[in-house]
Amino acid sequence: MTAPTFVCKYVLPFAAAWALCLPATCATLDLGGIKVEDSLAIYNNTLVLNGAGLVSNGKAPSYVVQIYAKQKFKSLDELCAIPGPKRLVLTAVKEVDTAPIVKLFNRSVDDVAGRTDRAKLIPGLMGIGDVFKANRTLKAGEVMSLDWVPVSGLVMYIGGKLQGQPYREIELFKAAMGIWMGDAPADSKVKDALLGHV
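Residues numbered from 1 in each chain as written. Predicted model: local features only at pLDDT ≥ 70, side-chain atom pairs only at ≥ 80, totals over all residues. Heavy atoms only, no water.

Trainee: Teacher, can you tell me more about the overall build of the protein chain here?
Mentor: Along the protein chain, the regular secondary structure elements total six helices and 12 strands. Split into buried and exposed, the 198 residues of the protein chain put 47% on the buried side. Long-range pairs, those at least 24 residues apart, make up 59% of the contacts in the protein chain with a sequence separation of at least 6. Accessible area for the protein chain stands at about 9,600 Å²; split by element, carbon and sulfur atoms hold 55% of it. (Helix = DSSP H or I, 4+ residues; strand = E, 2+ residues; numbered from the N terminus. Buried < 20%, exposed > 50% of the residue type's maximum accessible area, 1.4 Å probe, protein only. Contact = heavy atoms within 4.5 Å. Areas by Shrake-Rupley, 256 points an atom, 1.4 Å probe, with all protein chains shown as cover.)

Trainee: I tried to follow the packing of aromatic side chains on my own but got confused; where do I start?
Mentor: To describe a pair of aromatic rings, you give the distance between the ring centres and the angle between the ring planes. Within the structure shown, the criterion is met by two aromatic pairs. Both rings, one in Y63 and one in W180, keep their centres 6.5 Å apart while their planes meet at 85°; by these two values the pair is edge-to-face. One end of the pair, Y63, is in strand 6 (residues 60-69); the other, W180, is in helix 5 (residues 170-181), with 117 residues separating them in the sequence. Across the pair, W180 and Y63 agree in class, each one buried. (Phe/Tyr/Trp six-rings, centres within 6.5 Å; stacked < 30°, edge-to-face > 60°.)

Trainee: Looking at this structure, I do not really get the nonpolar core. What am I missing?
Mentor: Buried together is how nonpolar side chains tend to be arranged in soluble globular proteins. The biggest cluster of nonpolar side chains holds 43 residues, and the ones touching the most others in it are L79, F105, L146, L154, M177, W180 and M181. The dominant element in this core, judged by the number of residues it contributes, is helix 5, at eight residues. Beyond its immediate stretch of four places on either side in the chain, M177 contacts I67, L76, L79, L88, L146 and G182. Formed by 13 residues, the second largest nonpolar core is a distinct cluster that contains L31, I34, L40 and L47. (Core = buried A, V, L, I, M, F, W, Y, C linked by side-chain atoms within 4.5 Å.)

Trainee: It is not clear to me how the pattern of salt bridges should be interpreted in this structure. Could you clarify?
Mentor: Note on pairing: side chains with opposite charge can pair once their charged atoms come close. Within the structure shown, the criterion is met by five salt bridges. With its nearest N and O atoms 2.6 Å apart, the salt bridge here joins D110 to R118. Taking relative accessible area as the criterion, R118 reaches 29% and is therefore assigned partly exposed. When the shortest N-O distance is used, the salt bridge between K120 and E171 registers 3.3 Å. Here the residue K120 occupies a position in helix 4 (residues 115-134), and E171 occupies one in helix 5, the gap between them amounting to 51 residues. Taking the relative accessible area as the measure of exposure, E171 reaches 17% and is therefore buried. (Salt bridge = Lys/Arg side-chain N within 4 Å of Asp/Glu carboxyl O.)

Trainee: Is there a simple way to explain helix 5 in this structure?
Mentor: For the α-helix, the turn length of 3.6 residues means that residues three or four positions removed from each other point alike. Over its 12 residues, helix 5 runs 15 Å from end to end, which matches the ideal 16 Å to within 8%, given 1.5 Å per residue. Of all 12 residues in helix 5, 10 are buried; the element is thus mostly enclosed. (Expected span 1.5 Å × (residues − 1).)

So, in structure tokens, the structure goes:
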């Protein structure tokens, strides 16, 4: 089964949204009926929204993805260089098949890691693979969070529950972020939105 074509039905970075509504009422965005907060507090840090996008499978909205860090950034490398925690949030608008996400993740690993690096990532890749085997779909409204925690590594939550264990290699976090913000992203317009380019 081939991965479906991901089409950005509607993307809206935070800066553009702010310009379109009154400052007093713009604490959140609404993408496809999903509320997107302009900031969040995790691990004793306040993170700001860099951008958000609504991704569709064909014509039907599929999920909303948003990215938070301690400061604004314009590239994946800049994101990884920012000190402190980061969080990518994916919220299903309808039931989401995670298989295409896994396929894009594996491709992203190849992009960010050489043969030697990939060898050291095998335990983490197996662990992440097990997480998605146990979560083959995300139900409508279900949330998946991918966090980078400096003292722990990549931490995954689905439905508010910790999945697997922390994965310490920064390459795994970068590969996960590369699904949407790498050199060959799922959708270039989503990438632009997440990086604040539009």
